[in-house]
Amino acid sequence: MSNIVVVFHSGYGHTHRVAQAVAEGAGAQLLAIDADGNLPEGGWETLAAADAIVLGSPTYMGTVSWQFKKFADASSKVWYTQGWKDKLFAGFTNSATMNGDKFATLSYLWQLAMQHSGLWVSLGIMPSNNKAATRDAVNYVGGYGGLLTTSPSDASPAEVPAGDLDTARRFGERVAEVARSRR
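Residues numbered from 1 in each chain as written. Predicted model: local features only at pLDDT ≥ 70, side-chain atom pairs only at ≥ 80, totals over all residues. Heavy atoms only, no water.

*Asks:* Looking at this structure, I do not really get the nonpolar core. What am I missing?
*Replies:* Buried together is how nonpolar side chains tend to be arranged in soluble globular proteins. If you look at the biggest cluster of nonpolar residues, it comprises 27 residues, and the most contacted ones within it are Ile4, Val6, Val22, Val54 and Phe92. Going through the elements one at a time, strand E1 (4-9), helix H1 (14-26), strand E3 (52-58), strand E4 (88-95) and helix H6 (162-181) are the ones with two or more residues in this core. Apart from the residues lying within four places of it in its own chain, the contact partners of Val54 are Ile4, Val5, Val6, Val7, Val22, Ala90, Gly91, Phe92, Phe171 and Val175. Counting 22 residues, the second-largest nonpolar core is a separate cluster that includes Leu55, Val64, Ala72 and Val78. (Core = buried A, V, L, I, M, F, W, Y, C linked by side-chain atoms within 4.5 Å. Buried < 20%, exposed > 50% of the residue type's maximum accessible area, 1.4 Å probe, protein only. Helix = DSSP H or I, 4+ residues; strand = E, 2+ residues; numbered from the N terminus. Contact = heavy atoms within 4.5 Å.)

*Asks:* Sorry if this is basic, but what is going on with the layout of surface pockets here?
*Replies:* Once rolled over the atoms, a probe with the size of a water molecule shows which space is left empty. Size it by volume and the largest pocket reaches roughly 180 Å³. As for the largest pocket, its lining consists of 13 residues, of which Tyr12, His14, Tyr60, Asn94 and Ala96 are closest to the centre. Among the secondary structure elements, those contributing two or more residues to the lining of the largest pocket are H1 and E4. Looking at side-chain class alone, the lining of the largest pocket contains five nonpolar, eight polar and no charged residues. (1 Å grid on protein atoms, 1.4 Å probe; cavity = no way out; pocket = protein on both sides within 12 Å on 5 of 7 lines; lining within 4 Å. Points joined across faces, edges and corners; volume = space filled by probe spheres on them. Nonpolar A, V, L, I, M, F, W, Y, C, P; charged D, E, K, R; others polar.)

*Asks:* Help me understand the pattern of salt bridges in this model?
*Replies:* Side chains that carry opposite charge are capable of pairing whenever their charged atoms lie near each other. For the coordinates displayed, the defined rule picks out five salt bridges. We note a salt bridge from Glu24 to Arg17, for which the minimum N-O separation is 3.8 Å. Here Arg169 makes a salt bridge to Glu24, at a shortest N to O gap of 3.6 Å. Separated by 145 residues along the polypeptide, Arg169 in helix H6 and Glu24 in helix H1 bring together distant segments of the chain. Residue Arg169 is classed as partly exposed on the basis of its relative accessible area, which comes to 26%. The network of salt bridges with shared partners includes Arg17, Glu24 and Arg169. (Salt bridge = Lys/Arg side-chain N within 4 Å of Asp/Glu carboxyl O.)

This is the structure we're talking about:
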């Protein structure tokens, strides 16, 4: 069994709900970045021991939250020693609109993984892009490079679309499958 960690920040709970679904699919541990941009006690050690790290942040103003950025900047100490070299990485983001500049956030997560000399796992799920597709279809938002989810601004975390949560679980399963294949 691979050691997979989902490290994420969630401002309003929606991204946390998506992180939970990814973790369910992957059999992963959740590691939340707090409201001040810090990891909990032992967080850096947890990431050092991981075989795969799934990065998650809401998309705020076209990129990751400042709390996630603070975590990313703090990871420069790990970068300096190449402590995460050759680990698997994957990423996800959530925003209130269907596009919401999610690609910029996903690109940021990918770039962070590349700076750490990581290996990126794509979503690996075809989009639901035909006329029969409904909002609760798998990969309705249409991601390829990572998981993209949408939660309306007036929706509670309990109202994250079922199709997005199903996509998140499948994404977690994919990360776990790729991690197992490397063992």
